Each structure stands twice: as structure tokens, then as C-alpha cells.
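# Examination of the molecular architecture
The chain contents come next:
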Amino acid sequence: MTSSTSKQTVPVQKALLHVPPLEELKDVLQKTLSVNFSSVDVSLVDCPDLTAKPWSLAASGICGSSRLADVGGVPNLVPLVDREKIPFFDFDDIARQCELPGAFIIGAGAGSSRFVGVNCELMPNVKTASVTDTGHNNRTKYAKVSEEDGSCILKEYNSKEFSLLANLHLSEGRPGKVLKVDASCRTGSDNFVKVMREGLTHHYGTKPVGIGGVFVIQNSKARVHVMPKFSEKPLDTDDDVAQWLRFYDMDPPLTCLSVFISHDPGLDLRVEHTHCFSDHGKGGHYHYDIFDSQVHYTGYFTPAEFMFRIDQPAVTHTIGRD
Ligand code: ZN
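The shown structure was predicted, so the numbers you read here are calculated from the model rather than taken from an experiment. (Residues numbered from 1 in each chain as written. Predicted model: local features only at pLDDT ≥ 70, side-chain atom pairs only at ≥ 80, totals over all residues. Heavy atoms only, no water.)

All right, on to the sheet that holds strand β18 (residues 284-289) then. The antiparallel open sheet is built from nine strands, whose spatial order is β3-β12-β19-β13-β16-β17-β18-β14-β15. Looking at the sheet topology across the chains shown, the edges are occupied by β3 (37-46) and β15 (246-250). On average, each strand axis in the sheet is inclined to that of its neighbour by 30°, with strand direction left out of account. Pairing of strand β13 (residues 210-218) with strand β19 (residues 296-304), which is carried by nine bridges, proceeds in the antiparallel orientation. In the sheet register, I217 faces β19, and the bridge partner there is Y297. Sheet strands touched by helix α1 (residues 22-36): β3, β12 (177-186), β13 and β19. Its angle to β3, the strand with the most contacts, is close to 165°. (Pairing = 2+ DSSP bridges. Helix = DSSP H or I, 4+ residues; strand = E, 2+ residues; numbered from the N terminus. Axes fitted to C-alpha atoms, helices over the stretch in contact; angles between N-to-C directions. Contact = heavy atoms within 4.5 Å.)

Quick look at the structure:
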């Protein structure tokens, strides 16, 4: 593990991840998903054009120099928001800090309340600027709670700044070999991502395997939360956090941007984080599907070579990490 300080004087730690052969990962995921879903097919495919619907990504693929970033963390939000971290982060800076300027970034984070006007969920989906290519394609969206009626509002996010925390997958945005995962009819009690993550943990133990990707939920509503405005009273327990968050049962299809890691090598990581968006105006933080017997998941995933821990909070806790 190495440490450095970026131009923003933000501490950055870099850890090497275990990258199993794709054939092996395919078998591990097939096995663990089959215990939890009645129909499962994991295969190795050429990444399709992920700019097309329903994926709607800002680059055609998720391959090339694949890496993860865990930025900030829940301790910046809970028990009370750290206003120094709004706004604080920038996707172009994150790409450089992860030694991949111009990276294509997807994942789950917190939007800038300075830009949006209120605390919100962020679905990062952006091709950042590099030295040679200053253009970037930003298809990031955010979800907020309507002040009028408490409903969820999903909108385009035309900014590169963000706040507080994010779990990100970075790549060159190229096509390449990826894992295609198709699973339907859930028979286990855990959500789709947790099943894959814990399957990797079971197989690889303390060798950290990090994964990023995109998947679509079809044929079932999903339980999703959206953060409302910052709490003025301290959120001291998971129950306090759950009471503060707004939960919704959202209609399919939902496109989900997901990052997960099988083992935390001592970096105080959030081990899984998935945010979703749609064409029907809803999105947020994915928890689980509602109609287990009907749900159908399809996704594309790739293993990451490195984990970058950026601006790790000095004081930590385990509240609010679901
Ligand atoms: Zn989230």
C-alpha cells in the first residue's frame, strides 16, 4: 500500500487488489448466485455498447485500467454533516488522484447541495477531462426529495463537483471482455449485489476482489432511498438514519451503477454501494427488489486492479452503511 498527497492536499492511499481470471470469476459468481436465484447464467462476453438504453452510460464500455475509489465516507454525513465537505470533490481531480486522467467514472455518491440546492443522491456517469482531451460526456443524474409533496425527483446533473462520499469505478471506458450476469427469481434473502459480494468473500477470503459494473432490474419494483435535506439533530444510530431517509418502492426498469469489494484491507471501506436511475423520473440508493419471484437482473461487471482510498475520514463508525 502506498500513500500520497494530491494537489488538493487530500490524502490518497492506493492498494493492490486481487484480480482473478475472468473464467474463474464467472464460475464463482455462477455458483453463489445459483444458491440465491432459481435461474442464473454468468458468461464471458464482449462488452456491448453501454451508451445504448437501458444502460445509458457516458462511455461505450467499462474496460481498460479498471480501478475503484472510495472517497470520503458516511462519517462526513453522520451523525451531523461536515459542511467543509460540501462541495469538496471533483470528478476530474478524482481521475487524476486515481492515476487515470480522463477516466470514465460510474458509481454511487452524494451530490453537491451547493449545486442542487439540497442534499441529494448522485449517480456518477461521466467521462472526465484529460490533458489531451478536455471534452467530457456527463450523463450523471441526481435524485432529491420534492419539498412540495415528498416524492422523488430525478434530474440531469451538469456539474463535476460532488460532496461527502462516493464509491466509484474508473476505467478507460473501452469495450473489452466483461462478465455478463443474468439472474432471475430470487430465492435467497439477500439482495443481488450482496449475494455476489459475499460469494467472492467466501471464495477469496482476505484477498480483496473489487468489482464495478452496471445492471438493470426488470419485472420487480425495488426499495430505494433518497436522502432528504441534512438532519439538524444528530443521527446516532442506524434507526435514526432510517427514520431520516425517505424510502420508495420504485417501478422497473431501473439502471443501477454498482461498486463492491469482497474484503476491506484496512481502509475503512464501504464494501458495496449501488445507485439507480431510470427514464421514468425515479432513482436513488438501491436496497433490494420487492417481487422476489418475478425479478430479473441483467448486468455487466469487471474486476478492478486497484483501490484508491481518497480523503479517508479521521474519525469513523459503522452507522448508516447499508
Ligand atoms: Zn447511496
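Reference values for angles at a metal are 109.5 degrees in the four-donor tetrahedral case and 90 or 180 degrees in the six-donor octahedral case. Each protein donor to the zinc ion is listed here as H273 (NE2), H275 (NE2) and H285 (ND1); together their distances run 2.0 to 2.1 Å. Along the chain, the residues donating to the zinc ion fall in the pattern H-x1-H-x9-H. With H275 in strand β17 (residues 272-277) and H285 in strand β18, this pair connects stretches of sequence that are ten residues apart. With respect to burial, H275 and H285 carry one shared label: buried. (Donors = N, O, S within 2.8 Å, 3.2 Å for Na, K, Ca; no water. Buried < 20%, exposed > 50% of the residue type's maximum accessible area, 1.4 Å probe, protein only.)

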